[in-house]
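Listed here are the chains, written in short residue letters.
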Amino acid sequence: MDDMFLLISLVILLLSIPCLVLAYLVGIKQKRSLISSFDETAYNDPRRVAQIIGFGVFLTGFLTAISVIAWGMGMISLTHVGIVFCIAVAAPLFTSLYTQIVCTCEKS
């Protein structure tokens, strides 16, 4: 077995698949208890918040898998993989910030 194939398999197994499973559970199955310090009363539409955060986690898993596969096929360099990883890690942060701005209830 080639070392590159083993590395790609490990990254996908340890990084991408857990992110994709978590995104499915949060975004589709609405397991909001998996979101850290999630308070349903703080949001106008908790279902929409879970879908948005699930989408951010899905982007992380998807971008990680695609970048590693592209690197293994020689389509991009390791520097590009690092840039994509930085974007992938920032995706859930930006979606959480978006939900805080758009979906929070106004307290009176």
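Heads up: the structure comes first, above all this text.
Here is what the cut-offs are and how they apply
- Residues numbered from 1 in each chain as written.
- Predicted model: local features only at pLDDT ≥ 70, side-chain atom pairs only at ≥ 80, totals over all residues.
- Heavy atoms only, no water.
- Core = buried A, V, L, I, M, F, W, Y, C linked by side-chain atoms within 4.5 Å.
- Buried < 20%, exposed > 50% of the residue type's maximum accessible area, 1.4 Å probe, protein only.
- Contact = heavy atoms within 4.5 Å.
- Axes fitted to C-alpha atoms, helices over the stretch in contact; angles between N-to-C directions.
- Helix = DSSP H or I, 4+ residues; strand = E, 2+ residues; numbered from the N terminus.
- Parallel < 35°, antiparallel > 145°, perpendicular 65-115°, else oblique.
- Left-handed = near helix turned anticlockwise from the far one by under 90°.
- Nonpolar A, V, L, I, M, F, W, Y, C, P; charged D, E, K, R; others polar.
- Expected span 1.5 Å × (residues − 1).
- Bend = angle between axes of the 7 residues up to and from the residue.

S.K.: Explain the nonpolar core here, please?
M.R.: Looking at soluble globular proteins, one finds that nonpolar side chains tend to be buried together. Val26, Ile35, Phe38, Ala42, Tyr43, Val49, Ala50, Ile52, Ile53 and Cys103 together form the largest nonpolar core, which totals ten residues. If we skip the residues at most four places from it in the chain, Ala42 touches Cys103, Thr104 and Cys105.

S.K.: I keep staring at the packing of helix H1 (residues 3-28) against helix H2 (residues 46-72) and nothing clicks. Help me out?
M.R.: Two packed helices can be described by the angle between their axes and the distance between those axes. Closest axis-to-axis distance for the H1/H2 pair is 8 Å, and the angle between their directions is 165°. In terms of axis orientation, H1 runs roughly antiparallel to H2. Between H1 and H2 the crossing geometry is left-handed. A per-class count over the contact of H1 with H2 returns 19 nonpolar, eight polar and no charged.

S.K.: Got a minute to help me understand the side chain of Thr60 in this structure?
M.R.: Relative to the assigned elements, Thr60 resides in helix H2. Using a relative accessible area of 11% as the deciding quantity, one classes Thr60 as buried. Setting aside its immediate chain neighbours within four residues, Thr60 contacts Cys19, Ala88, Ala91 and Pro92.

S.K.: What exactly am I supposed to notice about unusual backbone geometry here?
M.R.: Phi is mostly negative for residues that are not glycine, and the peptide bonds are mostly trans. Phi is positive for Gln30, which is not a glycine, with a value near 60°. Of note, Gln30 is situated in the loop between H1 and H2. When its relative accessible area of 14% is taken as the criterion, Gln30 is described as buried. Positioned with a positive phi, Ser37 is a non-glycine residue whose angle comes to about 50°. Following the sequence through the fold, Ser37 ends up in the loop between H1 and H2.

S.K.: What should I look at first to understand helix H3 (residues 78-102) in this one?
M.R.: Residues spaced three or four apart along an α-helix point in a common direction, a consequence of the helix completing one turn every 3.6 residues. End to end, H3 covers 36 Å across 25 residues, agreeing with the expected 36 Å (1.5 Å per residue, within 8%). Along H3, the sharpest kink reaches roughly 30°, centred on Ala90 and followed within four residues by the proline Pro92. Buried within H3 we find Val81, Ala88, Ala90, Ala91, Thr95 and Thr99. The inward-facing, buried residues of H3 contact H2.

Everything listed here is a matter of geometry and, on its own, says nothing about what the molecule does.
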